[in-house]
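So you can see what is in the structure, the chains are spelled out below.
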Amino acid sequence: MFLFAFGGGAGYALTKMGSSEVVAALGALGVGWAAGAIAVVVVKKISKDSVSSGVETTELVGMTGTLTLPVGPGKPGKVRVDIKGRSEDFVASLVEDGAELPTGAQVLIVEEGERGSLLVAKGEM
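Remember, it's a predicted structure, so these values are computed and weren't measured experimentally.

1. A word on the overall build of the protein chain
Okay, step 1: From N to C terminus, the protein chain includes two helices and five strands.
Okay, step 2: Ordering the α and β elements of the protein chain from the N terminus gives α-α-β-β-β-β-β.
Okay, step 3: Taken against the 2.2 N^0.38 rule, which gives 14 Å for 125 residues, the C-alpha radius of gyration of the protein chain at 28 Å runs more than 25% over that of a compact globule.
Okay, step 4: Based on the C-alpha atoms only, the size of the protein chain along its principal axes is roughly 85 × 25 × 20 Å.
Okay, step 5: Looking at the protein chain residue by residue over its 125 residues, the buried ones come to 26%.
Okay, step 6: Contacts spanning at least 24 positions in sequence make up 50% of the contacts within the protein chain whose residues lie at least 6 apart.

Quick look at the structure:
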């Protein structure tokens, strides 16, 4: 894209300045390639130094959350976790068999489950 945009502009300018077709073509190719190479370096630098606000379920292990839907043995629910300045909801399943935990219960996130779900245990408060 940069090759065509900047290279085309440079080729047009060189042609209008009276350069030969060979000089205009080589100048356009050089300017376009340089613009593209600089753009790649800048984008890589920016993306390397940027911070993601995305939440990975592996980051949540050890945190506590609040159930927004009850969870029980064989019955998934939902847990809300406050992380990175916002609340995120995740599917939750109990780690061990036991009594159903009601909506509003505090739970401890023990590990990541299947397909991004979370395995939770009753939180001791």
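2. Observations concerning the pattern of salt bridges
Okay, step 1: Taken as a whole and assessed by the stated rule, the structure comprises three salt bridges.
Okay, step 2: Between Arg80 and Asp89 there is a salt bridge; the shortest N-O distance is 2.7 Å.
Okay, step 3: The exposure class assigned to Arg80 is partly exposed, which follows from its relative accessible area of 38%.

3. A closer look at the nonpolar core
Okay, step 1: Membership of the largest hydrophobic core comes to 15 residues, with the highest contact counts inside it found for Leu60, Leu67, Val79, Leu101, Leu118 and Val120.
Okay, step 2: Those elements that place two or more of their residues in this core are β2 (77–83), β3 (86–94), β4 (106–112) and β5 (118–122).
Okay, step 3: Ignoring sequence-local partners within four residues, the contact set of Val120 consists of Ala92, Ser93, Leu94, Val95, Val107, Leu108, Ile109 and Val110.

4. Considerations on the sheet that holds β3
Okay, step 1: With mixed pairing, five strands are arranged side by side around a closed barrel as β1-β2-β3-β5-β4. Each strand of the sheet is rotated relative to its neighbour by a mean of 55°, with strand direction disregarded.
Okay, step 2: Examined bridge by bridge, strand β1 (residues 64–69) and β2 share three bridges and lie antiparallel to one another. Note on β2: the bridge partner recorded for Leu67 is Val79.

5. Some details on the environment of Gly27
Okay, step 1: Topologically, Gly27 is positioned in helix α2 (residues 21–49).
Okay, step 2: Measuring from C-alpha to C-alpha, the distance between Gly27 and Gly8 comes to 9.7 Å, with 19 residues separating the pair along the chain.
Okay, step 3: Non-local contacts of Gly27, meaning those with residues more than four positions away in its chain, are made with Ala10 and Leu14.

Quick notes on the rules
Residues numbered from 1 in each chain as written. Predicted model: local features only at pLDDT ≥ 70, side-chain atom pairs only at ≥ 80, totals over all residues. Heavy atoms only, no water. Helix = DSSP H or I, 4+ residues; strand = E, 2+ residues; numbered from the N terminus. Rg over C-alpha atoms; globule rule 2.2 N^0.38 Å. Buried < 20%, exposed > 50% of the residue type's maximum accessible area, 1.4 Å probe, protein only. Contact = heavy atoms within 4.5 Å. Salt bridge = Lys/Arg side-chain N within 4 Å of Asp/Glu carboxyl O. Core = buried A, V, L, I, M, F, W, Y, C linked by side-chain atoms within 4.5 Å. Pairing = 2+ DSSP bridges. Axes fitted to C-alpha atoms, helices over the stretch in contact; angles between N-to-C directions.

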